[in-house]
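A look at the structure
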Amino acid sequence: MIDLFIPLSTPKWVDRDCLHANDWNPNKVSEENLALLTQSILTNGWTLPIVVRPDYTIIDGFHRWTVAGREPLHSMLNGKVPVVIVAHADEAEDMYGTITHNRARGTHLLEPMKAIVKKLLDEGKDVKEIGKQLGMKPEEVFRLSDFSK
């Protein structure tokens, strides 16, 4: 039986350059979403460690690792990233880990996103701020705002 507490019981900050990508991750992210990820880290701090094998192959967190190598994050983090190490029995389990981490995050549904944008606008946030924080263009915020009703 796996001890579910072990990975988060031993997080550590390591040199980003010690980590390397796996060769099986099917998840791709646009430059716009990488910018949004950077903005999220700048706004919220680093909230989710990168999951790695004992040899520092990335199981989950490739995009966090990617943006950590770019400015301004690279300098702000002093070239470090937080990791948790997961020692699976074989590479198949590493692959399962990569895919399940990605798939478990799900997708955003239209109606809940509209409700969030409406609430933010009702609270006095402007379209520019909402767009910056949520990674949306002004027209996307407008479409989700139901201004047409």
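This write-up is about the structure you can find in this document.

**Some thoughts on the overall build of the protein chain**
Tallying secondary structure elements over the protein chain gives eight helices and four strands in all. Moving toward the C terminus, one meets the helices and strands of the protein chain in the order α-β-α-β-β-α-α-β-α-α-α-α. Every one of the 149 residues in the protein chain was classed for burial, and the buried ones make up 34%. Summarising the internal contacts of the protein chain: among those between residues at least 6 apart in sequence, 80% fall at separations of at least 24. Accessible surface, the protein chain as shown: approximately 9,900 Å² in total, 58% of it carbon and sulfur. The protein chain carries 18 positive and 21 negative side-chain charges, and their two centres are separated by 5 Å.

**Looking at the packing of helix α2 (residues 31-44) against helix α7 (residues 127-134)**
Helix-helix packing is described using two parameters, namely the angle between the two axes and the distance between the axes. At a closest axis distance of 8 Å, the pairing of α2 and α7 adopts a crossing angle of 100°. If you check the angle between α2 and α7, you find them roughly perpendicular. Taking contact as the criterion, the partners of Leu 36, Gln 39 and Thr 43 in α2 are, on α7, Lys 132, Gln 133 and Leu 134. Residues that form the contact of α2 with α7 fall into these classes: two nonpolar, three polar and one charged.

**Description of the sheet that holds strand β1 (residues 12-15)**
Within the open sheet, the four strands sit side by side as β1-β4-β2-β3. Their pairing is mixed. Looking at which strands have only one partner, the edges of the open sheet turn out to be β1 and β3 (58-60). Neighbour-to-neighbour, the strand axes of this sheet turn through a mean angle of 55°, independent of strand direction.

What counts, and at which threshold
- Residues numbered from 1 in each chain as written.
- Predicted model: local features only at pLDDT ≥ 70, side-chain atom pairs only at ≥ 80, totals over all residues.
- Heavy atoms only, no water.
- Helix = DSSP H or I, 4+ residues; strand = E, 2+ residues; numbered from the N terminus.
- Buried < 20%, exposed > 50% of the residue type's maximum accessible area, 1.4 Å probe, protein only.
- Contact = heavy atoms within 4.5 Å.
- Areas by Shrake-Rupley, 256 points an atom, 1.4 Å probe, with all protein chains shown as cover.
- Lys, Arg positive; Asp, Glu negative; His and termini not counted.
- Charge placed at Lys NZ, Arg CZ, Asp CG, Glu CD.
- Axes fitted to C-alpha atoms, helices over the stretch in contact; angles between N-to-C directions.
- Parallel < 35°, antiparallel > 145°, perpendicular 65-115°, else oblique.
- Nonpolar A, V, L, I, M, F, W, Y, C, P; charged D, E, K, R; others polar.
- Pairing = 2+ DSSP bridges.

Function-wise, these values are silent; they only describe arrangement.
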